[in-house]
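What follows is each chain in one-letter form.
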Amino acid sequence: MAELPDVRFLTVAEVAAIMRVSKMTVYRLVHAGELPAVRFGRSYRVPETAVTDALQRPISDVG
């Protein structure tokens, strides 16, 4: 069996808290393709690395 990289996935609520934005803003970023996410059933999970990358980008590049 192939070894999976150690990726942590965060819920939309966790991402919103980390980024200090609303959950709706996180959904907008996901749907706009600016924040990668994986869909599990009816909910989304965002890789933790994607959140840290987004927070390190200049403000004008986000949203």
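Numbers given for residues are sequential positions, taken from 1 along each chain in its written order. Per-residue local features are limited, in this predicted model, to residues with pLDDT of at least 70; the limit for side-chain atom pairs, both in listing and counting, is 80 or more; totals at the level of whole chains, interfaces and linings are taken over all residues. Hydrogens and water are ignored here; the side-chain numbers use all heavy atoms of the structure.

Some details on unusual backbone geometry
- Phi is positive for arginine 20, close to 55°, though the residue is something other than glycine.
- In this description a helix means any DSSP run of H or I spanning at least four residues, a strand means any run of E spanning at least two, and both kinds are numbered starting from the N terminus. With respect to the element layout, arginine 20 can be found in the loop between helix 1 (12–19) and helix 2 (23–31).
- When its relative accessible area of 75% is taken as the criterion, arginine 20 is described as exposed. Relative accessible area decides the class of each residue, using a 1.4 Å probe on protein chains only: under 20% of the type maximum gives buried, over 50% gives exposed, and in between gives partly exposed.

Observations regarding the nonpolar core
- We define a nonpolar core as any set of buried Ala, Val, Leu, Ile, Met, Phe, Trp, Tyr and Cys residues linked to one another through side-chain atoms lying within 4.5 Å. By size, the foremost hydrophobic cluster in this structure holds 14 residues, and its most contacted members are Val15, Met19, Val26, Val30, Leu35, Val46 and Val51.
- Of all the elements, helix 1 adds the most residues to this core, at four residues.
- Excluding anything up to four places from it in sequence, valine 26 contacts Val12, Val15, Ala16, Val21 and Leu35. Contacts are assigned to residue pairs that have any heavy atoms within 4.5 Å of one another.

With respect to the environment of leucine 10
- Here leucine 10 shows up in strand 1 (residues 9–11).
- On a C-alpha basis, the gap between leucine 10 and threonine 49 in space is 9.8 Å, while along the polypeptide they are 39 residues apart.
- If near-sequence neighbours (up to four positions away) are discounted, leucine 10 is found in contact with Val15, Ile18, Tyr44, Arg45, Val46, Glu48 and Val51.

What to know about the packing of helix 1 against helix 3 (residues 48–56)
- Contact pair helix 1 / helix 3: the axes reach a minimum separation of 11 Å and the direction vectors enclose 25°. The orientation of helix 1 with respect to helix 3, classified from their angle, is roughly parallel. Of the two possible hands of crossing, helix 1 and helix 3 adopt the one that is right-handed. Two secondary-structure elements touch here, helix 1 through Val15, Ile18 and Met19 and helix 3 through Val51, Ala54 and Leu55.
- Across the contact of helix 1 with helix 3, the residue classes tally to six nonpolar, no polar and no charged. For every element, the axis is a line fit to its C-alpha atoms; helices are fit only across the contacting stretch, and the angle between N-to-C directions ranges from 0 to 180 degrees. An angle counts as roughly parallel when it lies under 35 degrees, as roughly antiparallel when it exceeds 145, as roughly perpendicular when it falls between 65 and 115, and as oblique in every other case. For any helix crossing, the convention is left-handed if the near helix is rotated counterclockwise from the far helix by under a right angle, and right-handed if that rotation is clockwise. Each residue is assigned to one class: nonpolar for Ala, Val, Leu, Ile, Met, Phe, Trp, Tyr, Cys and Pro, charged for Asp, Glu, Lys and Arg, and polar for all the others, Gly among them.

The quantities given are spatial measurements derived from coordinates; they are silent on function.
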